[in-house]
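Observations on the model geometry
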Amino acid sequence: MGASDAAPRIGIYVCHCGGNISDVVDCAAVVQAAADFPHVAVAREHSFMCSDAAQTVIIDDIRNLGLNRVVVASCSPSLHATTFRSTCERGGLNPYLYEHANIREQVSWVHGGQHASATAKAVRLVRAAAAKVALLTAERPIEAPVRRHALVVGGGVAGLCAAGNLAEAGVDVTLVERSPFLGGHATELGKLARIHVTGREVTAALAHVVLADPHVRVLTNAEVVRIGGHLGDFEATVRVRPRGIRGPVEPDRLRAAIDACPEEVVGKVGHGTRTHKALYLLYDGCLPAVAAIDFDRCTRCGRCVEILGRDAVDLDEPAREETVQVGGVVVATGFEQYEPYVDEFGWGKPGVVTLPQLIQILHETGDAKTLTIAGRTVRNLVMIHCVGSRQIDGVHQIPEGRTLNPQCSRMCCTAAIYNSTELRARFADLRVYQLVRDVRTYGRHHEQCYQRASEQRLLFFKYPDHEPPVVSDGLPSDDAPLAVTVQDQFTRGQTVRLPADAVVLVTGMAPGGAATLIEQLKLAVGADGFLREVHPKLRPVELAVQGVMVAGTAQSPMAIEESTAAAAAAAVKAAKLLTRETLSLDPQVARVDPARCEGTGRCVEQCAYGGALQVVERTESGRTVRRAEVNEALCKGCGACVAVCPHNAIDVVGSTLAQLYASVDALTAQEVA
Amino acid sequence: METSTRQAPGRRPHILLLTTADSSYPGADTVGQMHLGYPTNTSVVRIPDPVMLPERFYLYALRRGFDGILVMSSGAESPFQGTYQKLAARLDALTGTLKAQGIDFRRVKLCSICTVCTAAFLREVKRMSEVLAEIGPIDPGSVTVPD
């Protein structure tokens, strides 16, 4: 007799989840109630059911008490149903004789402070799970083919790193990058703290690996416009905009063509600090090393064609769409730089720039002995930290259309202080003032930047959360175009007025760039607007949609080393799924009870999947009968067929009508509290 | 509309939330992850798609004492082909049956909830609660369930 045929002996296990559940739900009361449910052989509670110790208890109970069904009441099944099915399997029980009751996300986390009624609800849900599990049958997973191919969306540091790691693991990769060039925001950083190499050097190293790998196909100037599917089989439509230049051309001729291009474009390069032509290279040494034409600004005057020839330039190249079929997706769409709003800390005044702009200005300054911003030699430079980050309702006046960002952007302190020390090293007469709320040089070795800043006698002022500095026009006595007034907490709240030739707003990272994927794949987004992983500790970099991982700053503000670490993790997790021959999927398919089926064919009429369900004739006991038959490879398990059968002869495995009726009985066994 | 004699006053209404495994169940999880609150007189059942449920199921649930049923489908974005249209048609037919039995058809409502539709989730629960506050708990004996 199989386990599912024998009389049910159910084990029920209630998790405290530390205090996440037990702070609201009386777990002991749930266990006490569960012990009296029909067929329950044992009911226990544990601080963490997902711990090895608690799983061992389940395994021992299966073996020692002869359990043939298990219910765990804990967090969402999206987190741990697989864990506990595996536990059952290790105890020798078919993993499909398991049911999950979600008493954290759907009880304790939504019913805080309502102990009695929340406990009653937990009892209700566990009773329903017990009623259902008693009717479950032993099943085997369905083996489905997996496309050994990943889509990486985003060609910045994280995307490049993920693509390289996936290819190394033997997975084909299609990398889609929105801009014509690889590298993302990192290409606009100067020297990086701690490792003292430039962002361009880091991205070049990663991009060379990817571009040289035959397993990686790189689509630049491209965006995912449609995407759908499921783990093992996603389909994306990628729109590739025309590049206009067919391949590498001789540098001198390219330079001449760029010089001849009459169209100036502001803003795409250098955070608005400089312009480029409609025909452009992002920078010398950018990758791919092929120029691109910005067709939004190109007038098709033909001057580049005159210099480079029609073999090199195609002004009539159309945009194209192509379909990519993959088994998994890595979202590495990065972030948007926070852009201050008008008048935020003087934004809009000449001489007020953001930190990314300062870095770009430094890059453009070359070997000059003085720093020039907005046409003025800078002797006094004030940096204001936490612009656009750690905002407080009522203190920061957020314009309509924007949302308050209470989060710390994490990277800005180190970036600002590191660049300040670079400034001091390059421009000996430059005075740099740091206006901070706190200093959060949190990363490994980042504190050394702070120490170096002290050694270089950078001056720090600490302003109160509720009283941000004020940027105003300088007075004649200031001998500077700007002045910053700050209440300095280091000097017990003294008001300090700092004349400034330039003010640098230390801005952080804002979410952005993944709208299409969020909308079409229904990816979960946190209150901060960044993508939210399933669980920060237990399932990092995994998104709730199976087969979709997140890499880098699409998830939260990160340093480059954190981005690459997250990207490597995402790649490994994706590779783990995609390098299998097949995926084991839950057998959520329709199943016909031949003893009840009379071959009416009504189920077939409802089925939208050609060939998944058909009525066949067969011989039973010497007579020809008609019976519905399911092709499990084609059935999607929607259940459209179930509702119409007049004989209740068809069900979806794991969600039969009998199980659902039993759940309803259990949920209504007692009135709600 | 139901008459007062068909209601069982004094009982706290019980709302059944029929959720889809791919969409509204994760949506309910998202509500929890954001620690947003809704009443405890709710019970979530997870199914592949409510299109699988025959009319009898709804009547049975009402008969058993659920006072309101929110059918939280995946809407037009269901991963299953054509199920939303079929579901809508079936619930339309159910409305006729409820009316014929003298049961307020507002006790069963179809809505679409995605994995991140937290506001819509809370709004639907609130609206159903308001409807049930208005019409009161169901008298289970008034519901006829076909064999």
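Since the structure is predicted, the reported quantities are computational estimates derived from the model, not experimental observations. (Residues numbered from 1 in each chain as written. Chains lettered and ligands numbered in written order. Predicted model: local features only at pLDDT ≥ 70, side-chain atom pairs only at ≥ 80, totals over all residues. Heavy atoms only, no water.)

Observations concerning the overall build of chain A
Helices and strands together make up the secondary structure of chain A, namely 16 helices and 34 strands. Taking the principal axes of its C-alpha atoms as reference, chain A extends roughly 100 × 70 × 40 Å. The burial tally for chain A puts 54% of its 673 residues in the buried class. Taking as baseline every contact in chain A between residues at least 6 positions apart, the subset at least 24 positions apart corresponds to 69%. Approximately 29000 Å² of chain A is accessible, and the part contributed by carbon and sulfur atoms is 49%. A gap of 1 Å separates the mean positions of the 67 positive and 75 negative side-chain charges of chain A. (Helix = DSSP H or I, 4+ residues; strand = E, 2+ residues; numbered from the N terminus. Buried < 20%, exposed > 50% of the residue type's maximum accessible area, 1.4 Å probe, protein only. Contact = heavy atoms within 4.5 Å. Areas by Shrake-Rupley, 256 points an atom, 1.4 Å probe, with all protein chains shown as cover. Lys, Arg positive; Asp, Glu negative; His and termini not counted. Charge placed at Lys NZ, Arg CZ, Asp CG, Glu CD.)

Regarding the overall build of chain B
If you tally the helices and strands in chain B, you get four helices and four strands. Listed by position from the N terminus, the elements making up chain B come as β-α-β-α-β-α-β-α. Rg of the C-alpha trace for chain B: 15 Å, near the compact-globule value of 15 Å for 147 residues, within the 12% margin. Dimensions along the principal axes, computed over C-alpha positions, put chain B at roughly 40 × 35 × 20 Å. When the 147 residues of chain B are sorted by exposure, 57% land in the buried category. Here the contacts in chain B between residues at least 6 apart in sequence split such that 84% fall between residues at least 24 apart. A total of about 5600 Å² of accessible surface is found on chain B, and carbon and sulfur atoms cover 52% of it. Each charge sign in chain B was given a centre, from 16 positive and 14 negative side chains, and these centres are 2 Å apart. (Rg over C-alpha atoms; globule rule 2.2 N^0.38 Å.)

Digging into the state of the cysteines
All names here are of chain B. All chains considered together, the criterion is met by one disulfide over all chains. A sulfur-sulfur distance of 2.4 Å marks the disulfide that ties Cys114 to Cys117. Judged by the torsion about the S-S bond (105°), the Cys114/Cys117 disulfide is right-handed. Judged by its relative accessible area of 21%, Cys117 falls in the partly exposed class. (Disulfide = S-S within 2.5 Å.)

With respect to the interface of chain A and chain B
Contacts between the two partners involve 45 residues from chain A, matched on the other side by 49 residues from chain B. Both sides of the chain A and chain B interface together cover about 4100 Å² of buried area, and 58% of this is carbon and sulfur. For chain A, the biggest contributors to the area lost against chain B are Gln106(A), Lys522(A) and Tyr661(A); these three give 15% of the whole. When residues of the side of chain A that touches chain B are traced back to their parent elements, those giving at least two are α3 (77-90), α4 (104-108), α5 (115-133) and α16 (657-667) of chain A. Sorting elements by how many residues they give to the side of chain A that touches chain B places α16(A) first, with six residues. Looking at side-chain class alone, the side of chain A that touches chain B contains 24 nonpolar, 13 polar and eight charged residues. (Buried area = accessible area lost by both parts, 1.4 Å probe. Nonpolar A, V, L, I, M, F, W, Y, C, P; charged D, E, K, R; others polar.)

Thoughts on the pairing of strand β25 (residues 482-488) of chain A
Residues and elements named next belong to chain A. Of all seven residues in β25, five are buried; the element is thus mostly enclosed. Relative to β25, strand β24 (residues 470-473) runs antiparallel, the two being bridged by four bridges. Within the sheet, the bridge partner assigned to Val471 lies in β25 and is Val484. Two elements, β25 and strand β26 (residues 494-500), share seven bridges in a ladder whose sense is antiparallel. Its bridge partner being in β26, Thr485 is matched across the sheet by Arg497. Once β25 ends, the chain turns through five residues before running back antiparallel as β26, passing Arg492 with a positive phi of about 55°. (Pairing = 2+ DSSP bridges.)

A short note on the sheet that holds strand β9 (residues 222-230) of chain A
All names here are of chain A. Strands sit in the order β9-β10-β15 across an open sheet of three strands; the sheet is antiparallel. The sheet is open, and its two borders are formed by β9 and β15 (320-326), each paired with just one other strand. Between one strand and the next, the sheet's axes are offset by a mean angle of 20°, whatever the strand orientation. Where strand β10 (residues 233-240) lies against β15, seven bridges are found, and the strand directions are antiparallel. Opposite Thr237, over in β15, you have Thr323 as the bridge partner. (Axes fitted to C-alpha atoms, helices over the stretch in contact; angles between N-to-C directions.)

Notes on the confidence of the model for chain B
Residues and elements named next belong to chain B. Per-residue confidence for chain B gives a mean pLDDT of 91; residues scoring 70 or more make up 93%. Put simply, helix α1 (residues 24-33) is where chain B has its lowest mean pLDDT, 94, and strand β2 (residues 42-47) is where it has its highest, 98. Throughout residues 3-7 the model reports pLDDT below 50, and contacts reaching past four residues in sequence, or to other chains, amount to 11 contacts. Interface scoring of the predicted complex returns ipTM 0.95; its pTM is 0.78. (pLDDT = per-residue confidence, 0-100.)

Things to note about the side chain of Thr174(A)
With respect to the secondary-structure elements, Thr174(A) resides in strand β7 (residues 172-176). Excluding residues within four positions of it along the chain, Thr174(A) makes contact with His149(A), Ala150(A), Leu151(A), Val152(A), Arg217(A), Leu219(A) and Val324(A).

Digging into helix α3 (residues 83-100) of chain B
Residues and elements named next belong to chain B. Taking 1.5 Å of rise per residue, 18 residues should cover 26 Å, and α3 covers 26 Å from first to last C-alpha, within 8% of that figure. Here α3 has its buried residues at Thr83, Lys86, Leu87, Arg90, Leu91, Leu94, Thr97 and Leu98. Along the long axis of α3, the arc covered by the buried residues comes to 125°, so they all point the same way. Away from the buried face of α3 by more than 90 degrees, exposed residues Gln85, Asp92, Lys99 and Ala100 are located. Positive phi shows up at Gly102, right after α3, with a value of about 75°. (Expected span 1.5 Å × (residues − 1). Arc of directions from axis to C-beta.)

Describing the nonpolar core
With 98 residues, the main nonpolar core has Ile12(A), Leu18(B) and Tyr58(B) as its most contacted residues. A total of nine residues in this core trace back to one element, the largest contributor, which is α5(A). Non-local contacts of Leu18(B), meaning those with residues more than four positions away in its chain, are made with Ser24(B), Val45(B), Ile47(B), Leu53(B), Phe57(B), Tyr58(B), Ile69(B), Leu70(B), Val71(B) and Met72(B). Within the second largest apolar cluster, 34 residues are counted, among which are Ala158(A), Leu175(A), Met558(A) and Ala574(A). (Core = buried A, V, L, I, M, F, W, Y, C linked by side-chain atoms within 4.5 Å.)

Here we look at the pattern of salt bridges
Residues and elements named next belong to chain A. Within the structure shown, the criterion is met by 34 salt bridges over all chains. Between Arg497 and Asp478 there is a salt bridge; the shortest N-O distance is 2.7 Å. You can see Arg497 sitting in strand β26 and its partner Asp478 sitting in the loop between β24 and β25, a full 19 residues away along the chain. By relative accessible area, Asp478 is classed as buried at 12%. Connected through shared salt-bridge partners, Arg618, Glu620, Arg627 and Glu629 make up one network. (Salt bridge = Lys/Arg side-chain N within 4 Å of Asp/Glu carboxyl O.)

Concerning helix α1 (residues 27-34) of chain A
Residue and element names in this part refer to chain A. All of the buried residues in α1 are Cys27, Val30, Val31 and Ala34. The buried residues of α1 occupy an angular sector of 100° when the element is viewed end-on, so they sit on one face. Buried residues along α1 sit in contact with β1 (10-15), β2 (40-46) and α5. Sitting at the amino-terminal end of α1 is Asp26, which places a side-chain oxygen 3.3 Å from the backbone nitrogen of Ala28. (Polar contact = N/O pair within 3.5 Å; in protein donor to acceptor, adjacent residues only side chain to side chain.)

A short note on unusual backbone geometry
All names here are of chain A. Along the chain, Leu287 connects to Pro288 via a cis peptide bond; the corresponding omega equals -5°. If you trace the backbone, Pro288 turns up in the loop between β13 (279-280) and β14 (292-293). Positive phi is not limited to glycine here, since Asp343 has a value of about 80°. Note on placement: Asp343 falls in the loop between β17 (336-337) and β18 (352-354). When its relative accessible area of 64% is taken as the criterion, Asp343 is described as exposed. A positive phi angle is found at Arg492, which is not glycine, with a value near 55°. When you line up the elements, Arg492 lands in the loop between β25 and β26. Residue classification places Arg492 among the exposed positions, given a relative accessible area of 84%.

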